[in-house]
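Structural characterization, general
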Amino acid sequence: MPEQATCGKGLAQNAALAAKLAEVIDAVGDNHSEHLTALDEGDPDARRERDAYTALLTKHRVAAQQLRAIAEEMAGYRDMPMAPHDLMVMRDPKLRRAFEQLVAREKELRAYLDERIEREETMLTAARRG
C-alpha cells in the first residue's frame with residue numbers, strides 16, 4: 001500500500017529547496033571570500049571593494065545558515081500526524097492562487113538561473129583559457 005501523503009511529509013520533501021538554496025548562497029559567499037584575496041590592500045578603491053565584499057560575505061553566511069536551519073526544521077516534521085483540514089478552505093481559490101504564485105516564482109527562478117549559468121559558464125571558459 002502506498003504511503004499516505006501528509007503535510008509533515010510534504011514539509012520534509014520541500015526542505016530540499018531551502019537546503020539547496022543554502023548551498024548556493026554559501027557558494028556565493030565562498031566566491032566573495034576568494035575574490036577578496038585578489039584585491040590590493042593598499043589601494044583606496046580596493047579597500048572600499050573589500051569592505052563591500054566582506055559585508056556581503058557575512059550576510060551570505062547568515063542567510064545560508066538560516067536556510068539550513070529552515071531545511072532541518074522542515075525535515076523534522078516528516079512524522080507529524082495528519083491533522084483535519086477544512087475542505088472548503090482547501091478548495092478556496094485564494095489557496096490555489098498562492099500555489100500558482102509559488103510555481104510561477106519557481107519558473108522565474110529557473111529562467112534566471114539558466115541565464116546566469118550560461119553567463120558564468122562563459123566566464124569559466126575564458127578563465128580556463130588563461
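Calculation criteria
- All residue numbers refer to positions counted from 1 along the written sequence of the respective chain.
- Residue-level local features of this predicted model are given only where pLDDT is at least 70; pairs of side-chain atoms are given and counted only at 80 or more, and the full residue set underlies all totals for whole chains, interfaces and linings.
- Hydrogens are left out, water is left out, and the side-chain values use all remaining heavy atoms of the structure.
- Any Lys or Arg side-chain nitrogen located within 4 Å of an Asp or Glu carboxyl oxygen qualifies as a salt bridge.
- Helix and strand assignments follow DSSP, with helices taken as H or I runs no shorter than four residues and strands as E runs no shorter than two, numbered in order from the N terminus.
- Residue burial is assigned from relative accessible area. The probe radius is 1.4 Å, only protein chains are included, and a residue is buried under 20% of its type maximum, exposed over 50%, and partly exposed in between.
- Neither His nor the chain ends is counted toward charge; the positive residues are Lys and Arg and the negative residues Asp and Glu.
- Contacts were defined at the residue level, with two residues in contact if any of their heavy atoms lie within 4.5 Å.
- Fitting a line to C-alpha atoms yields each axis, with helices limited to the stretch in contact; the angle taken between N-to-C directions then spans 0 to 180 degrees.
- Oblique is the label for any angle not covered by the other classes, which are roughly parallel (under 35 degrees), roughly antiparallel (over 145) and roughly perpendicular (65 to 115).
- Each crossing gets its handedness from the near helix: less than a right angle anticlockwise from the far helix is left-handed, clockwise is right-handed.
- Exposure above 30% relative accessible area and the absence of a salt bridge qualify a residue for a patch, where like charges join within 9 Å and nonpolar side chains (Val, Leu, Ile, Met, Phe, Trp, Tyr) within 5 Å.
- Every accessible area reported is derived by Shrake-Rupley at a probe size of 1.4 Å, with residue values counting cover from the shown protein chains alone.
- The span one expects for a helix is its residue count, reduced by one, times 1.5 Å.
- Think of a polar contact as two N or O atoms within 3.5 Å of one another; within protein, one of them needs to be a possible hydrogen donor and the other a possible acceptor, and neighboring residues in sequence only count if both atoms come from side chains.

1. Regarding the pattern of salt bridges
Enumeration according to the criterion identifies seven salt bridges in this entry. Across the pair Arg61 and Asp26 runs a salt bridge, and its minimum N-O distance is 3.0 Å. On the criterion of sequence distance, the pair formed by Arg61 in helix H2 (residues 44-76) and Asp26 in helix H1 (residues 7-36) is long-range, its members being 35 residues apart. The exposure class assigned to Asp26 is buried, which follows from its relative accessible area of 19%. Salt bridges sharing partners connect three or more residues here, namely Asp26, Asp30, Arg61 and Arg68.

2. Topic: the side chain of Arg50
Along the polypeptide, Arg50 turns up in helix H2. Look at Arg50: it is buried, it has no salt bridge, and the nearest opposite charge is Asp51 at 4.9 Å. With residues near it in sequence (within four places) discarded, Arg50 still touches Leu36, Leu39, Asp40 and Glu41.

3. Re the environment of Leu21
Summarising the element assignment, Leu21 is placed in helix H1. The class for Leu21 is partly exposed, based on a relative accessible area of 32%. Sequence separation between Leu21 and Glu34 is 13 residues, and the spatial gap between their C-alpha atoms is 20 Å.

4. Section: the packing of H1 against H2
Put simply, H1 and H2 touch, their axes get as near as 8 Å, and they point 160 degrees apart. In terms of axis orientation, H1 runs roughly antiparallel to H2. For the pair H1 and H2, the sense of crossing is left-handed.

5. Focus: a nonpolar patch on the surface
Taken together, the side chains of Leu17, Leu21, Leu109, Tyr112, Leu113 and Ile117 define a hydrophobic patch exposed on the protein surface, amounting to about 470 Å² of accessible area. Elements that contribute at least two residues to the nonpolar patch include exactly H1 and helix H4 (93-129). Looking at the nonpolar patch element by element, the count peaks at four residues for H4.

6. Remarks on H2
With 33 residues, H2 ought to run about 48 Å at 1.5 Å a step, and its terminal C-alpha atoms sit 48 Å apart, in line with that. The set of residues buried in H2 consists of Ala46, Arg50, Leu57, His60, Ala64, Ala71 and Met74. Close packing links the buried residues of H2 with H1. Between the side-chain oxygen of the N-cap and the backbone nitrogen of Asp45 there are 2.9 Å, and the N-cap of H2 in question is Asp43.

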